Amino acid sequence: SLSFYEFSLSLDIPSGIQEQTTECFLLGATVFDTVPENCVVFEDSFHGLEAGNRAGMTVIGLATTNSEEQIRDKANAVIQDFNGFSFEKMKNMMR
């Protein structure tokens, strides 16, 4: 069953892991004590989209930096921004 966390993970914590890498996203799963299949990555960069996929997570592309056409094949779903986005919509987008 999915649950909503009231906190987020930032790489401001000293981990030695770079942003937008598979290791970065897998660290997130470890911190939240879950498996990658239960995680959702929101990304706008090509590197981040690819890393989220390699980590085995649901990847939602943000068409902010790159167009929807450019990232569509790298994400499970694409959104323009978070306006009107909800936890229910996210659950429906999960693989």
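Please set out the packing of aromatic side chains residue by residue, giving values where relevant.
Using the criterion set out here, one finds 3 aromatic pairs in the structure. Ring geometry for F42 and F85: centres 5.6 Å apart, planes at 90 degrees, overall edge-to-face. Of this pair, F42 sits in strand β1 (residues 40–43) while F85 is found in the loop between β3 (77–79) and α4 (87–93), placing the two residues 43 residues apart along the sequence. Considering the side-chain rings of F82 and F85, the 5.9 Å spacing of their centres and the 75 degrees angle between planes classify their relative orientation as edge-to-face. Given a relative accessible area of 44%, F82 falls into the partly exposed group. Of the residues examined, F85 reaches a relative accessible area of 21% and is grouped as partly exposed.

So what's going on with the pairing of β1? Residues and values would help.
The two faces of β1 differ: V41 and E43 on one face are buried, but V40 and F42 on the other face are not. Alignment of β1 against strand β2 (residues 58–62), held across 4 bridges, turns out to be parallel. Across the sheet, V41 pairs through a bridge with V59, a residue of β2. With respect to chirality, the unit in which β1 leads through helix α2 (residues 46–54) into the neighbouring parallel β2 is right-handed.

Let's hear about the side chain of S45: which residues, and what values?
Residue position: S45 is located in the loop between β1 and α2. In this structure the side chain of S45 is engaged in a polar contact, spanning 3.0 Å, whose partner is the backbone nitrogen of G48. With residues up to four places along the chain from it excluded, the contact list for S45 reads Q20 and N66.

Please provide a residue-by-residue account of the pattern of salt bridges, values included.
Summed over the entire model, instances satisfying the criterion amount to 4 salt bridges. In this structure, E68 and R72 form a salt bridge, with 3.7 Å as the shortest nitrogen-oxygen distance. A salt bridge links E88 to K91; the shortest N-O distance between them is 3.2 Å. On the criterion of helical spacing, the pair formed by E88 and K91 is a turn pair, its members being 3 residues apart in helix α4. Look at K91 and you get partly exposed, because its relative accessible area is 29%. Through salt bridges with shared partners, a single network forms among E68, E69 and R72.

The rules behind the values
Once a new chain begins, its residue numbering starts again from 1 and follows that chain's sequence as written. Where totals are concerned, whole chains, interfaces and linings use all residues; where local detail is concerned, this predicted model gives features only for residues with pLDDT of at least 70, and gives and counts side-chain atom pairs only at 80 or more. The basis for every side-chain value is the complete set of heavy atoms in the structure, and neither hydrogens nor water enter the calculation. Classification of ring pairs uses Phe, Tyr and Trp, with its six-membered ring standing for Trp, and accepts pairs whose centres are within 6.5 Å; under 30 degrees between planes counts as stacked, over 60 as edge-to-face, and the remaining range as tilted. Every helix listed is a DSSP run of H or I at least four residues long, and every strand listed is a run of E at least two residues long, numbered separately from the N terminus. Exposed residues in this analysis have more than 50% of their type's maximum accessible area, buried residues have under 20%, and partly exposed residues fall in between, with area computed by a 1.4 Å probe over protein chains only. Between any two strands, pairing holds if DSSP finds at least two bridges. By convention a crossover is right-handed if, when the strands point away from the viewer, the path from the first strand over the helix to the second runs clockwise. Two N or O atoms form a polar contact when they lie within 3.5 Å of each other; inside protein one atom must be a possible hydrogen donor and the other a possible acceptor, and for residues adjacent in sequence the pair counts only when both atoms belong to side chains. Here a residue-residue contact requires only that any non-hydrogen atoms of the pair lie within 4.5 Å. Any Lys or Arg side-chain nitrogen found within 4 Å of a carboxyl oxygen on Asp or Glu counts as a salt bridge.

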